[in-house]
Amino acid sequence: MSWSFEKVDISVLDDKLLNANEKLILILCKRFKNAPSGIRLTHKYFMDRTGIKDYRTLVKCLDRLVLLGYLAFHQPQKNRANKFTFDRNEMREFVVRNVAKRKAQSKAMKDLQ
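Q: What should I look at first to understand the side chain of lysine 23 in this one?
A: Of note, lysine 23 is situated in helix H2 (residues 20–31). Aspartate 14 is the oppositely charged side chain nearest to the buried, salt-bridge-free lysine 23, at an N-O distance of 6.8 Å. Each residue touching lysine 23, except ones within four places of it in the same chain, is listed here: Val12, Leu13, Asp15 and Leu18.

Q: Could you clarify how one ought to interpret the packing of H2 against helix H4 (residues 55–67) in this entry?
A: Axes are the key here: two packed helices are described by the angle between their axes and the distance separating the axes. In the contact formed by H2 and H4, the axes pass within 9 Å of each other and the chain directions differ by 70°. With respect to H4, the axis of H2 lies roughly perpendicular. Only Leu58, Cys61, Leu62, Arg64 and Leu65 of H4 make contact with H2, whose side of the interface consists of Asn21, Glu22, Ile25 and Leu26. Its residues assigned to classes, the contact of H2 with H4 comprises six nonpolar, one polar and two charged.

Q: Even after reading the chapter, I still don't get H4, so can you show me in this structure?
A: Note that an α-helix has 3.6 residues per turn; residues three or four places apart therefore point the same way. An ideal rise of 1.5 Å per residue puts 18 Å on 13 residues; H4 measures up with 18 Å between its terminal C-alpha atoms. For H4, the full list of buried residues reads Leu58, Cys61, Leu62 and Leu65. Buried residues of H4, viewed axially, fall in a sector of 95°; they line one side. Turned more than 90 degrees away from the buried face of H4, the exposed residues are Arg56, Lys60 and Leu67. The first or second residue beyond H4 is glycine 69, which carries a positive phi of 85°.

Q: For this particular structure, what's the right way to read the packing of H2 against helix H3 (residues 43–50)?
A: Between H2 and H3, the shortest axis-to-axis distance is 11 Å and the interhelical angle comes to 120°. Considering their axes alone, H2 and H3 lie oblique with respect to each other. Where H2 crosses over H3, the handedness of that crossing is right-handed. When H2 is examined against H3, the residues Leu24, Ile25, Leu28, Cys29 and Arg31 are found in contact with a partner set consisting of Tyr45, Phe46, Arg49 and Thr50.

Q: When you look at the sheet that holds strand S3 (residues 82–85) in this model, what are you seeing that I'm missing?
A: Picture the strands of a sheet paired through backbone hydrogen bonds; they go either parallel or antiparallel. Read across the open sheet, the three strands follow the order S1-S3-S2; overall the sheet is antiparallel. Both outer strands of the open sheet, strand S1 (39–41) and strand S2 (72–74), are each paired with one neighbouring strand and no more. Averaged over all neighbouring strand pairs, the angle between strand axes comes to 30°, with direction disregarded. As judged from the three bridges shared by S2 and S3, these two strands associate in the antiparallel manner. Paired with alanine 72 across the strands is threonine 85, a residue of S3.

Q: Even after reading the chapter, I still don't get the packing of aromatic side chains, so can you show me in this structure?
A: Aromatic rings considered in pairs are described by the distance between their centres and by the relative angle of their planes. Applying the stated criterion across every chain yields a total of four aromatic pairs. Seen in terms of ring centroids, tyrosine 45 and phenylalanine 46 are 6.1 Å apart; in terms of plane orientation they differ by 65°. Their pairing is edge-to-face. Given a relative accessible area of 17%, tyrosine 45 falls into the buried group. These aromatic residues form a ring-pair network of at least three members: Phe32, Tyr45, Phe46, Phe73 and Phe84. Cation over ring: lysine 30 sits above phenylalanine 86, and NZ or CZ is 4.6 Å from the ring centre.

Reading guide: rules and limits
- Residues numbered from 1 in each chain as written.
- Predicted model: local features only at pLDDT ≥ 70, side-chain atom pairs only at ≥ 80, totals over all residues.
- Heavy atoms only, no water.
- Helix = DSSP H or I, 4+ residues; strand = E, 2+ residues; numbered from the N terminus.
- Buried < 20%, exposed > 50% of the residue type's maximum accessible area, 1.4 Å probe, protein only.
- Lys, Arg positive; Asp, Glu negative; His and termini not counted.
- Salt bridge = Lys/Arg side-chain N within 4 Å of Asp/Glu carboxyl O.
- Contact = heavy atoms within 4.5 Å.
- Axes fitted to C-alpha atoms, helices over the stretch in contact; angles between N-to-C directions.
- Parallel < 35°, antiparallel > 145°, perpendicular 65-115°, else oblique.
- Nonpolar A, V, L, I, M, F, W, Y, C, P; charged D, E, K, R; others polar.
- Expected span 1.5 Å × (residues − 1).
- Arc of directions from axis to C-beta.
- Left-handed = near helix turned anticlockwise from the far one by under 90°.
- Pairing = 2+ DSSP bridges.
- Phe/Tyr/Trp six-rings, centres within 6.5 Å; stacked < 30°, edge-to-face > 60°.
- Lys NZ or Arg CZ within 6 Å of the ring centre and 35° of its normal.

And the structure:
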């Protein structure tokens, strides 16, 4: 068995605004920070690794991490891996893209009713 370690900023561990699931998700994302193709992780990966059973709980955790400015993500295509970033300039682009996507989804749902 080989061991590998991930360095975690002490401020993440001491942040009382984050719960255990959010901290674990953040650590899992940081693990792939230097991956050649970028940070591309699926919701299923997070659910398997963290033990979160409900999709809605996972999305709430990811949304809180975005809200607190730890990371940003977007889904390039449906049923594909999400792309995550820690870069501030990319974060702005992702957040704007996600807000537009959610507004469109909300409008579509209202039109159905």
